[in-house]
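Structural description and commentary
Letter by letter, the chains look like this.
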Amino acid sequence: MSDHNDVPVRMRADVLSVPAYRQGAAPTRPGYKLSSNENPFDPLPSVLAAISGRDDINRYAAAAMPDLRESIAAKFGVTADRVHLAAGSVAILYQLVHAAATTGDEYLHAWPSFEAYPSLGLASGASAVRVPLTGAAEHDLDAMAEAITERIRVILVCSPNNPTGPAVRRADFDRFMARVPATTLVVLDEAYREFVTDPEAVRGEDVLGQHPNLVVLRTFSKAYGLAGLRIGYAVGHPAILSAAATTAIPLSVTGLADVAARASMMPEAQAEHDRRIHEIVTRRDALVAGLADLGVRVPQAQGNFVWIPEGEHGIDTAALAAAFSESGTLVRPFPGDGVRISVGERESIDEVLRIVGAFLG
Ligand SMILES: Cc1ncc(COP(=O)(O)O)c(C=O)c1O
């Protein structure tokens, strides 16, 4: 937190009082970086070839990016006017909250959830309302429905939930949506949807058509491994997306990101991504099983990460995170709540289990 007295010019006190988004720690020595839910595979050669051939970076990209929007629209079975691109899906979260909620309004989200959520309303003056997860680290959709008031303009549903892992089940989502006023925007944040294996989990494609107040968010950062290029998208009602675009910083999606995303969606690239996703899911499940063998039970892991809750098997997660860091492997501690471990390189799985095993003595 900043000290107001140190600021040389007049700044907003509410902004100064909130810490900036904190990125997962980066390694300072050789080791595994399991702190940011990144994709451990190197970029696909076809994607690298596509971006290295660009000789026009002296120009602004054509912001509409029709080809990419068409490809995404085809995947969702919608028209391209229902697809909105931004420099990461996190940018669209800000845009939507900004576009829908102002001073005196509120937006609702589960907690613990994506660390960016609490500050999404800062720019527009909207305040966040948090609803605690259930004991199984899942969204408590009944409690969230009960928390809806006239002031709530946006509801964020994170599935699978970062950092805890469970996906929202379709039946629960349907019941929830039936309780949400049609005038309230619901954002289904599916940054990790490609890793979901629970057949009962909600899937944006299947529910979008029924709810004009629903926007689905996806990203190229995780399953597609383009985190460093910053590109994500929203699918939903054109009027909602157009309002999001109004609040967007112009021209922030780069031509490189557009080209890389299109190359990633080519059939051969998609097939390789599917193989990699399958491998990450296999590693995730091996990690969950290995932790269970150590007596550590984790919530249902449906993303590319695993969550060890504070107190599980008597674990003090701050001490566990310190043990990881001493071993050169970085994970993401959420003080008082738990520790999130991203699924990384194949060898990292055994290393994680070794560190947790040694920690437990
Ligand atoms: C739940 C969730 N939503 C959105 C994002 C943002 O991803 P990006 O901005 O890279 O698309 C993240 C990133 O970690 C996330 O965990």
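Residues numbered from 1 in each chain as written. Predicted model: local features only at pLDDT ≥ 70, side-chain atom pairs only at ≥ 80, totals over all residues. Heavy atoms only, no water.

A short note on the packing of helix H2 (residues 45-52) against helix H9 (residues 255-264)
- Between H2 and H9, the least distance of the axes is 9 Å, while the angle of their chain directions is 150°. If you check the angle between H2 and H9, you find them roughly antiparallel. Seen from above, H2 lies across H9 with right-handed handedness. In this structure, H2 uses Ser46, Val47, Ala50 and Ile51 to contact H9, whose residues at the interface are Leu256, Val259, Ala260, Ala263 and Ser264.
- Within the contact of H2 with H9, the residues separate by chemical class into 7 nonpolar, 2 polar and no charged. (Axes fitted to C-alpha atoms, helices over the stretch in contact; angles between N-to-C directions. Helix = DSSP H or I, 4+ residues; strand = E, 2+ residues; numbered from the N terminus. Parallel < 35°, antiparallel > 145°, perpendicular 65-115°, else oblique. Left-handed = near helix turned anticlockwise from the far one by under 90°. Contact = heavy atoms within 4.5 Å. Nonpolar A, V, L, I, M, F, W, Y, C, P; charged D, E, K, R; others polar.)

Focus on the packing of aromatic side chains
- Tallied over the entire structure, the rule returns 6 aromatic pairs.
- For the pair Phe76 and Tyr233, a centre-to-centre distance of 6.1 Å together with 90° between the ring planes defines the contact as edge-to-face. Separated by 157 residues along the polypeptide, Phe76 in helix H3 (residues 66-76) and Tyr233 in strand S7 (residues 232-235) bring together distant segments of the chain. Pair check on accessibility: Phe76 and Tyr233 agree, each one buried.
- Ring centres of Phe114 and Tyr117 lie 5.6 Å apart, and the angle between their planes is 80°; this geometry places the pair in the edge-to-face category. For the pair Phe114 and Tyr117, one class covers both residues: buried.
- Here a set of aromatic residues connected by ring pairs shows up, and it is made of Phe76, Phe220, Tyr224 and Tyr233.
- A cation sits over an aromatic face here: Arg130 above Trp111, 4.2 Å from the ring centre. (Phe/Tyr/Trp six-rings, centres within 6.5 Å; stacked < 30°, edge-to-face > 60°. Buried < 20%, exposed > 50% of the residue type's maximum accessible area, 1.4 Å probe, protein only. Lys NZ or Arg CZ within 6 Å of the ring centre and 35° of its normal.)

Digging into the UniProt feature "domain: Aminotransferase class I/classII large" (unreviewed entry) in the protein
- UniProt feature "domain: Aminotransferase class I/classII large" (unreviewed entry): in the numbering of this structure it lies at residues 33-354.
- Here residues 33-354 is 36% helix and 16% strand, with 16 Å between the C-alpha atoms at its ends. (UniProt positions renumbered as here; feature names shortened; annotations may be inferred.)

Digging into H3
- Along H3, the residues that are buried comprise Leu68, Arg69, Ile72, Ala73 and Phe76. Viewed along the axis of H3, the buried residues span an arc of 135°, placing them on a single side of the element.
- Note on H3: the residue one or two positions beyond its end, Gly77, has a positive phi of about 65°. (Arc of directions from axis to C-beta.)

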